[in-house]
Amino acid sequence: ILGTAPSSTPLDMLAIASQAIVPRVATRVVPRRRVPTRAAATSPSSLKPRGVVARPAKRVAIRPAAAFAASVFAAKDDDDDWEDIDPDDIEFLDGEFVVEAFDDEDQLAKALCAEVEENAKACLAERGGFTLAVPGGSVAKALAGLKDAKGIDWSKVHLFFVNERVPDGKCYKLAMDTWVGAVGMPDANVHKPDAGGSVEEEAAAYEAQMRTLAEGDDDVMMLDEVNGLPVFDLILLGMGADGHVGSIYPDSDALKDETGAAVLGVDMPGKRSITMSLPLINTAERVVVAASGTKKAETVRAVLEDDESELPGACVDAFSTIFFLDSGAASKLVAYAEEEEEE
């Protein structure tokens, strides 16, 4: 589906995506807010679905919805928990899985800023609050354009960090220097780890910050009624060449964690950090995974096209999951190659 890009923000890109609606299985108690994530810049009050984009897009199916649904029901045979669920109580909720490829890193960075800006405005208009989680590295640097964002009440935005070195606070410092310090977000709304203990203590204290916000009376954040985890409006992730997201690395304890914790301590040589867990990431309303450069092309291909991939990036499966790639990172995708050949 094509949209008309506002003349003030042209984003020339090729989009590779699954327009198929991906069914998500859940019991009927799951309260999913239908947050508009692609409201047109010319009419911020209009609530448009993801399929209507603010820039030209050509989309190719990557994950067929029917196949996804079949895999879910096939899995039930190996899950004892299904025995206690009445089929009449199961509800399919519309989700989405989208991949977009941009010409270069600059266009990708503009898209990340637009993603934050559009989601913030939509959530603020809907309920007067917006929760955002960001990583460090190239994604944090790409958000420099938020300094020029208009029409966002930053006093009602709460910022968390996907992962953070402790006690160094590198992600916090980078965000403050790159854009947070310039937009006037209150210090109290910039949530950073500061417990001063072990990585496990830091993780528990950081999760407590999220839960305190979610248990408040102002509806800034909710707790998921099924898994009890905080629900972020938008989480941005950068994916490394090895497929890691946050501080969740391949074959790591964090990847295999089944405690149900929202935040985990990661004690690696030279990298003491905390990280959002995969269950917390996947509980978010919307997650955007960004990757750029040809060095990540094979990892991107494995994450998006290998059904058996167990890389952390392949385990990202939020209600709305979007991959933002530049042409280099997308270069080994079958769909991308086919589009290149047609042109």
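Because the structure is a prediction, the values reported are computed rather than measured. (Residues numbered from 1 in each chain as written. Predicted model: local features only at pLDDT ≥ 70, side-chain atom pairs only at ≥ 80, totals over all residues. Heavy atoms only, no water.)

## Some words on the packing of aromatic side chains
For the structure on display, the rule yields six aromatic pairs. Their ring planes at 75° and their centres at 5.2 Å tell us that phenylalanine 102 and phenylalanine 324 sit as a pair that is edge-to-face. On the criterion of sequence distance, the pair formed by phenylalanine 102 in strand 3 (residues 90–102) and phenylalanine 324 in strand 13 (residues 320–326) is long-range, its members being 222 residues apart. The buried category is assigned to phenylalanine 102, whose relative accessible area is 1%. For phenylalanine 324, a relative accessible area of 0% corresponds to the buried category. A centroid spacing of 6.2 Å and a plane angle of 80° characterise the contact between phenylalanine 161 and tyrosine 172, whose relative ring orientation is edge-to-face. Taken together, the residues span a long stretch of sequence, with phenylalanine 161 in strand 5 (residues 157–161) and tyrosine 172 in helix 4 (residues 170–183) at a distance of eleven residues. (Phe/Tyr/Trp six-rings, centres within 6.5 Å; stacked < 30°, edge-to-face > 60°. Helix = DSSP H or I, 4+ residues; strand = E, 2+ residues; numbered from the N terminus. Buried < 20%, exposed > 50% of the residue type's maximum accessible area, 1.4 Å probe, protein only.)

## A look at the sheet that holds strand 6 (residues 163–165)
An order of 6-11-10 is seen for the three strands of this open sheet, with the pairing classed as antiparallel. Looking at the sheet topology across the chains shown, the edges are occupied by strand 6 and strand 10 (263–268). When the angles between neighbouring strand axes are averaged without regard to direction, this sheet yields 20°. Lying on the sheet, helix 5 (residues 199–214) is in contact with strand 10 and strand 11 (271–276); it crosses strand 10 at an angle near 155°. (Pairing = 2+ DSSP bridges. Axes fitted to C-alpha atoms, helices over the stretch in contact; angles between N-to-C directions. Contact = heavy atoms within 4.5 Å.)

## Describing the side chain of aspartate 224
Its place among the elements puts aspartate 224 in the loop between strand 7 (222–223) and strand 8 (230–231). At 2.8 Å, the side chain of aspartate 224 forms a polar contact with the backbone nitrogen of valine 226. A polar side-chain atom of aspartate 224 sits 3.1 Å from the main-chain amide nitrogen of asparagine 227. (Polar contact = N/O pair within 3.5 Å; in protein donor to acceptor, adjacent residues only side chain to side chain.)

## Quick notes on the pairing of strand 13
By the criterion of burial, strand 13 is predominantly enclosed, with seven of the seven residues buried. Residues of strand 13 alternate between two faces, with Ser320, Ile322, Phe324 and Asp326 on one and Thr321, Phe323 and Leu325 on the opposite face, all of them buried. Of the crossover connections in this fold, the one passing from strand 12 (residues 287–291) over helix 8 (residues 297–305) to the parallel strand 13 is right-handed. (Right-handed = clockwise from strand over helix to strand, strands pointing away.)

## A closer look at the nonpolar core
Among the nonpolar cores identified, the biggest contains 85 residues, and Leu112, Trp179, Phe232, Leu236 and Met276 are the most heavily contacted of them. Tallying contributions element by element places helix 2 (residues 105–127) first for this core, with nine residues. Sequence-distant contacts of leucine 236, defined by excluding residues within four places in its chain, comprise Leu112, Val116, Leu132, Ala133, Val134, Pro135, Val139, Leu143, Val162 and Val288. (Core = buried A, V, L, I, M, F, W, Y, C linked by side-chain atoms within 4.5 Å.)

## Quick notes on the environment of isoleucine 235
Within the fold, isoleucine 235 resides in strand 9 (residues 234–238). Given a relative accessible area of 0%, isoleucine 235 falls into the buried group. Isoleucine 235 has contacts with Ala133, Val162, Met276, Leu280, Ile281, Ala284, Arg286, Val287 and Val288, leaving out every residue within four places of it along the chain.

## Looking at the pattern of salt bridges
Overall, the coordinates contain eight salt bridges when judged by the stated rule. Across the pair arginine 286 and glutamate 96 runs a salt bridge, and its minimum N-O distance is 2.9 Å. Here arginine 286, found in the loop between helix 7 (278–283) and strand 12, pairs with glutamate 96, found in strand 3; they are 190 residues apart in sequence, far enough to count as distant. Considered together, arginine 286 and glutamate 96 belong to a single accessibility category, that of buried residues. Lysine 332 is paired through a salt bridge with glutamate 298; the nearest N and O atoms lie 3.9 Å apart. Of the two residues, lysine 332 is situated in the loop between helix 9 (327–330) and helix 10 (334–342) and glutamate 298 in helix 8; the sequence distance between them amounts to 34 residues. (Salt bridge = Lys/Arg side-chain N within 4 Å of Asp/Glu carboxyl O.)

## A look at helix 4
With 14 residues, helix 4 extends 19 Å from end C-alpha to end C-alpha; this agrees with the ideal 20 Å at 1.5 Å per step. The axis of helix 4 is deflected most strongly, by about 60°, at methionine 176. Of the positions making up helix 4, those classed as buried are Cys171, Tyr172, Ala175, Thr178, Trp179, Val180 and Val183. Against the buried residues of helix 4 lie strand 4 (130–134), helix 3 (137–142), strand 5 and strand 6. (Expected span 1.5 Å × (residues − 1). Bend = angle between axes of the 7 residues up to and from the residue.)

## Considerations on the confidence of the model for the protein chain
Chain-level statistics for the protein chain give a pLDDT mean of 79 and a share of 71% at 70 or above. The model gives residues 1–76 a pLDDT under 50, and that stretch makes 191 contacts with residues more than four places away or in other chains. (pLDDT = per-residue confidence, 0-100.)

## Structural notes on the environment of lysine 170
Inspection of the secondary structure puts lysine 170 in helix 4. In sequence terms lysine 170 and glycine 137 are 33 residues apart; their C-alpha atoms lie 9.3 Å from each other. Look past the residues within four positions of lysine 170 in its chain and what remains in contact with it is Glu164 and Arg165.

## Regarding the pairing of strand 5
Counting buried positions over the five residues of strand 5 gives five, a clear majority of the element. Both faces of strand 5 are covered, namely the face carrying Val157, Leu159 and Phe161 and the face carrying His158 and Phe160. As paired strands, strand 4 and strand 5 are joined by five bridges and run parallel to one another. In the strand pairing of strand 5, valine 134 is matched with phenylalanine 161. Between the parallel pair strand 4 and strand 5, the chain is carried across by helix 3, and the sense of this crossover is right-handed.

## Overview of helix 2
Here helix 2 is 23 residues long and its end C-alpha atoms lie 33 Å apart, about the 33 Å a rise of 1.5 Å per residue gives. For helix 2, the N-terminal cap is aspartate 104; the gap from its side-chain oxygen to the backbone nitrogen of aspartate 106 is 3.1 Å. Looking one or two residues past helix 2, glycine 128 carries a phi angle of roughly 80°, positive in sign.

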